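Reading the structure
Given next are the chains, with one letter for each unit.
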Amino acid sequence: MKLHVDLKENGYDIILERGCLYRVSDYIDLKRKVMIITDDGVPLSYAKTVQEQCQKGYIHIIKQGEESKSLSVFQELCEDLLSHGFSRKDCIVALGGGVVGDVSGYVAASYMRGIDVIQIPTTTLSQIDSSIGGKVAINLQEVKNIIGAFYQPKAVFIDPDTLKTLPIRHFRNGLVEALKAGLIQDKELFALFESESIEEHLEDILYRSLLVKKKVVEQDEKELGLRKILNFGHTIGHALESYYHLDSYLHGECVSMGMFYFIEDEKLKERVFNVYKKLHMPALPSFDKEKVYQLLCKDKKANGNTITIVKVKECGKAVLEDVHLEDIKKYL
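Rules behind the numbers
Residues numbered from 1 in each chain as written. Predicted model: local features only at pLDDT ≥ 70, side-chain atom pairs only at ≥ 80, totals over all residues. Heavy atoms only, no water. Helix = DSSP H or I, 4+ residues; strand = E, 2+ residues; numbered from the N terminus. Rg over C-alpha atoms; globule rule 2.2 N^0.38 Å. Buried < 20%, exposed > 50% of the residue type's maximum accessible area, 1.4 Å probe, protein only. Salt bridge = Lys/Arg side-chain N within 4 Å of Asp/Glu carboxyl O. Arc of directions from axis to C-beta. Contact = heavy atoms within 4.5 Å. Polar contact = N/O pair within 3.5 Å; in protein donor to acceptor, adjacent residues only side chain to side chain. Pairing = 2+ DSSP bridges. Axes fitted to C-alpha atoms, helices over the stretch in contact; angles between N-to-C directions. Patch = residues over 30% accessible without salt bridge, like charges linked within 9 Å, V, L, I, M, F, W, Y side chains within 5 Å. Areas by Shrake-Rupley, 256 points an atom, 1.4 Å probe, with all protein chains shown as cover.

1. Some thoughts on the overall build of the chain
Broken down by element type, the chain carries 12 helices and 12 strands. Computed over its C-alpha atoms, the radius of gyration of the chain comes to 19 Å, within 12% of the 20 Å expected for a compact globule of 332 residues. Along the first, second and third principal axes, the C-alpha set of the chain runs to 55 × 40 × 35 Å. For the chain, with 332 residues in total, the buried portion stands at 57%.

So this is what it looks like as structure tokens:
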């Protein structure tokens, strides 16, 4: 199936289809230089499958993990593009999870002031959330996504078959973003997690999650208002990721912890907790509240002495609230 993200001149198609990895060239021009950026956790056969469809395809493999969202890797990738003589007419293919998509997108946004980027997400996290919407970024001093841009892809190819090689922990980790989408805007999506087999309804979960993000991004591309609801769970979640040095817990696991702070209905909290058990989410660990607070103050969503938080008062409905940074301590 095909979805179109309507952003006028920045609009693009999302292809959600089993086997579409083998048919990328049917939808978009690959008769140019193409840099396929992937990581060492993604099967090399995926990159070679795309390379075979290119006229001049190059594969650049980065190390798996958050440490690759760095200035040094950003420089390494830009230098590789330069050494192969990439021009503004050429393109980058981001093949992998959220880390690959973020750093590749930021390179594409920066090199020659912008070249085409195609997103081919291979994890649940990136298929559900990070590959669409145009947020691209790298980390700095363990602060998540503090350097970045809004830069939309030319197309997104989501092949659910690529999830078959994903470790189970990473598979479940990404599903938290779908759960988030249900909590903020689609109670029927949330109900799928409660009462149905996730594996049997995976494509429906992917599709409904994409619809939520598409709808929000179309109304607010640059996160000036409504799009902030997609940050549900991320305010404290990102701070916890940084506190644990971006390696002890996965992104979705920290978001699951962060969401729990801002669900106001106790019965809904219980329902969410039961879904967490179904997804085998880790329990909230102990942490130094003052240190987490200091990390939270560096969050790009902070504005002077205030920060916008996202609350869910009932399933399927999220509200934004500006609070003083000092007041966030009561939630911790």
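2. Here's the deal with the pattern of salt bridges
Scanning the model with the defined rule gives 23 salt bridges in all. A salt bridge links Arg169 to Glu253; its shortest N-O distance comes to 2.8 Å. Note that Arg169 is positioned in helix α6 (residues 168–185) and Glu253 in helix α10 (residues 251–260), a separation of 84 residues in sequence. The buried category is assigned to Glu253, whose relative accessible area is 4%. Counted as one network, the salt bridges with shared partners bring together Arg18, Asp161, Lys164 and Glu203.

3. Structural notes on helix α7 (residues 187–195)
Structural remark: α-helix, 3.6 residues per turn; residues separated by three or four positions point the same way. All of the buried residues along α7 are Leu189, Phe190, Leu192 and Phe193. Considered in projection along α7, the buried side chains sweep an arc of 145 degrees and stay on one side of the axis. More than 90 degrees from the buried face of α7, the exposed residues found are Lys187, Glu188 and Ser195. Of the surrounding elements, those touching the buried residues of α7 are α6, α8 (202–219) and α11 (266–279).

4. With respect to the side chain of Gln127
Within the element layout of this structure, Gln127 appears in helix α5 (residues 124–130). Side-chain polar atoms of Gln127 contact the backbone oxygen of Asp159, separated by 3.2 Å. When residues no more than four places from it in sequence are discounted, the contact partners of Gln127 are Pro121, Thr122, Ile158, Asp159, Pro160, Thr162, Leu163, Leu206 and Leu210.

5. Details of unusual backbone geometry
The phi dihedral of Lys8 is positive, around 55 degrees, even though this residue is not glycine. Although it is not a glycine, His280 adopts a positive phi angle of roughly 60 degrees. With respect to the helices and strands, His280 occurs in the loop between α11 and α12 (289–297).

6. Comments concerning the sheet that holds strand β1 (residues 2–5)
Taken in spatial order, the 7 strands line up as β1-β2-β9-β6-β5-β3-β4 in an open sheet, and their pairing is mixed. The outermost strands of the open sheet, each flanked by one partner alone, are β1 and β4 (56–62). Neighbour-to-neighbour, the strand axes of this sheet turn through a mean angle of 20 degrees, independent of strand direction. Most of the contacts of helix α2 (residues 44–51) go to β4, to which it runs at about 160 degrees, and overall it touches β3 (33–39), β4, β5 (91–96) and β6 (116–121). Relative to β1, α8 is tilted by about 15 degrees, and along the sheet it contacts β1, β2 (12–16) and β9 (155–158).

7. Some thoughts on the pairing of β3
Looking along a regular strand, one sees the side chains alternate between the two faces of the sheet. A large share of β3 lies buried, amounting to 7 of its 7 residues. Here β3 shows no split at all, with Lys33, Met35, Ile37 and Asp39 on one side and Val34, Ile36 and Thr38 on the other all buried. Here β3 runs beside β4; their pairing, made up of 7 bridges, is parallel. The residue of β4 that forms the bridge with Asp39 is Ile62.

8. Overview of a nonpolar patch on the surface
Among the surface-exposed residues, Leu71, Leu140 and Ile146 lie close enough to one another that they form a single nonpolar patch of about 220 Å² accessible area. Along the chain, the position of Ile146 falls in strand β8 (residues 143–150).

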